[in-house]
Amino acid sequence: MRAVAVHPDAIVVTSRIWQTNATALRAGGEVLLIDSPYFPDELEALPSLLRQAGFEPNALLATHADYDHVLGRVAFPDLALGVGDPTMERIRSEPGAAQRELREEDARNYVVRPAPLALGSVQSLPVPGYVELGAEELELHPADGHTSDGTALLAGFAGLLVCGDYLSSVEIPWISPGGSLQDYRATLARLAPLVERVETVVPGHGPTHPREVALRILGEDADYLDALERGEERPALPRERDTPRQREIHVENLTRLA
Ligand SMILES: [Zn+2]
């Protein structure tokens with residue numbers, strides 16, 4: 001697990017697997033933790049790692065309901081998990097899905113957890129909408145297409161956009177079950193002006209980006225969606241993402257659109 005300060009009031013913690021990012025944001029004595037690292041030892045170490053950096057979360061938010069993003073309560077069991085209303089809808093319509101998928105993924109990786117995942121009390125937030133952190137206002141924007149749900153969070157005071165599973169330099173656009181190519185396109189179009197307003201973009205997986213890099217990736221992702229829509233079997237992928245695993249995701253994308 002790696003921690004990088006991206007702003008005096010924002011720290012990004014990256015898991016050893018899938019480079020999954022969790023972001024702690026601080027304003028006026030309040031701290032919001034967005035998403036989560038994955039492994040049990042990372043979740044156990046997270047509270048003290050954040051405390052040493054001066055971040056003690058009093059609120060949790062998940063960008064979407066995928067099992068690798070909703071583990072915050074494992075580290076902070078006293079806190080409720082905040083989600084955008086589309087994510088609440090997804091959790092209600094697929095009860096136990098995150099728990100089951102986590103169990104399956106753990107079994108694949110021989111990961112043992114001290115306890116099964118419990119989402120606990122989940123609080124729904126309007127998207128689009130605003131949430132307060134200290135005296136600051138955070139914007140919540142819809143970000144669906146990767147899945148049926150998704151929330152991007154813009155923290156103007158920190159020049160930060162935390163966008164969930166978009167704009168990654170390590171993962172191609174992934175139309176996972178419930179996602180859609182059209183919604184993914186609409187989300188990229190919605191994210192573009194948000195990226196223009198910030199200094200730093202934190203994707204769900206992989207390194208954080210300065211604005212210009214995020215805009216470049218956004219263009220690459222729009223090009224990829226064009227190739228996907230044409231049904232190309234071996235599209236050109238951005239060089240850093242042209243890997244066997246990303247080719248597998250492309251094949252999965254093709255079957256989803258078929
Ligand atoms: Zn993810």
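Our structure is the block above this text.
From a predicted model like this one, the values you see are computed outputs, not experimental measurements. (Residues numbered from 1 in each chain as written. Predicted model: local features only at pLDDT ≥ 70, side-chain atom pairs only at ≥ 80, totals over all residues. Heavy atoms only, no water.)

1. Regarding the sheet that holds strand E11 (residues 160-164)
Okay, so step 1: Here six strands make up an open sheet; going across it, the order is E8-E9-E10-E11-E12-E13 and the pairing mixed. Of all strands in the sheet, those with a lone pairing partner are strand E8 (129-133) and strand E13 (209-210), marking the two edges.
Okay, so step 2: Note: strand E12 (residues 200-203) against E13, two bridges, orientation antiparallel. Note that in E13 the partner of valine 201 across the bridge is histidine 209.
Okay, so step 3: Here helix H5 (residues 181-196) sits on the sheet in contact with strand E9 (136-142), strand E10 (151-155), E11 and E12, set at roughly 165° to E11. (Pairing = 2+ DSSP bridges. Helix = DSSP H or I, 4+ residues; strand = E, 2+ residues; numbered from the N terminus. Contact = heavy atoms within 4.5 Å. Axes fitted to C-alpha atoms, helices over the stretch in contact; angles between N-to-C directions.)

2. Considering unusual backbone geometry
Okay, so step 1: Put simply, valine 127 and proline 128 share a cis peptide bond, and its omega is 0°.
Okay, so step 2: Inspection of the secondary structure puts proline 128 in the loop between strand E7 (122-125) and E8.
Okay, so step 3: Even without a glycine there, the phi angle at tryptophan 18 is positive, about 55°.
Okay, so step 4: With respect to the secondary-structure elements, tryptophan 18 resides in the loop between strand E2 (10-14) and strand E3 (21-27).
Okay, so step 5: Judged by relative accessible area, tryptophan 18 falls into the partly exposed class, the value being 31%.
Okay, so step 6: Not every positive phi belongs to a glycine, and tyrosine 110 is a case in point at roughly 60°.
Okay, so step 7: Within the secondary structure, tyrosine 110 sits in the loop between helix H4 (97-109) and E7. (Buried < 20%, exposed > 50% of the residue type's maximum accessible area, 1.4 Å probe, protein only.)

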